[in-house]
Amino acid sequence: QVQLVESGGGLVQPGGSLRLSCAVSGSIFSINSRGWYRQAPGKQRELVATITTDGSDGSTNYADSVKGRFTISRDFAKNTVYLQMNSLTPEDTAVYYCNVRARIIRWTTYNDYWGQGTQVTVSS
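Residues numbered from 1 in each chain as written. Predicted model: local features only at pLDDT ≥ 70, side-chain atom pairs only at ≥ 80, totals over all residues. Heavy atoms only, no water.

1. Some remarks on unusual backbone geometry
Moving on, step 1. Here N79, not a glycine, exhibits a phi torsion of approximately 50 degrees, which is positive.
Moving on, step 2. Of note, N79 is situated in the loop between β7 (70-75) and β8 (80-85).
Moving on, step 3. Here the phi dihedral of W107 falls at roughly 70 degrees; this positive angle occurs in a residue that is not glycine. (Helix = DSSP H or I, 4+ residues; strand = E, 2+ residues; numbered from the N terminus.)

2. Overview of the environment of N32
Moving on, step 1. Tracing the chain through its elements places N32 in strand β4 (residues 30-39).
Moving on, step 2. Separated by 21 residues in sequence, N32 and T53 have C-alpha atoms that sit 5.7 Å apart.
Moving on, step 3. Apart from residues lying up to four places away in sequence, N32 is in contact with T52, T53, R101 and Y110. (Contact = heavy atoms within 4.5 Å.)

3. Digging into the state of the cysteines
Moving on, step 1. Applying the stated criterion to the full structure yields one disulfide.
Moving on, step 2. Here C22 connects covalently by a disulfide to C98, the sulfurs 2.0 Å from one another. Disulfide C22 to C98: torsion about the S-S bond roughly -90 degrees, handedness left-handed. Linking C22 in strand β3 (residues 18-25) with C98 in strand β9 (residues 94-103), this pair joins segments that are 76 residues apart in sequence.
Moving on, step 3. Looking at C22, the relative accessible area reads 0%, which means it is buried.
Moving on, step 4. In this structure C98 comes out as buried when scored by relative accessible area, which is 0%. (Disulfide = S-S within 2.5 Å. Buried < 20%, exposed > 50% of the residue type's maximum accessible area, 1.4 Å probe, protein only.)

4. Things to note about the pairing of β8
Moving on, step 1. Among the six residues that make up β8, five are buried, leaving the element largely enclosed by the rest of the structure.
Moving on, step 2. Relative to β8, β3 runs antiparallel, the two being bridged by six bridges. Its bridge partner being in β8, L20 is matched across the sheet by L83.
Moving on, step 3. Across six bridges, the pairing between β7 and β8 is antiparallel. If you follow F70 over to β8, its bridge partner there is M85.
Moving on, step 4. Connecting β7 to the next strand, β8, in antiparallel fashion are four residues, including N79 with a positive phi near 50 degrees. (Pairing = 2+ DSSP bridges.)

Next comes the structure, spelled out in structure tokens:
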């Protein structure tokens, strides 16, 4: 099965930085995209950032609320996707979930796979 394990969350002061990591393992035929989502208390899960597998560098997409502050990247050798978060604010407090859209068998549809989530708390 496909497994995603997030790490790097924790408590940070406003203006601080964190880098989240997501290690992907399992029998995967291909990956269409990787991404990070978050869910704040009392709110629905929302997209934070995604990166596609096309080209040499891929294509990124960010939520308006994190543009210029967050950066998503990938390391193929380590099968890991990262989310660098800078200039954090209390509004960034949420559980962050790693996501991959992948297929495990050729000619099948892509499915979404999720990590268990890692808590990010921004507070003074």
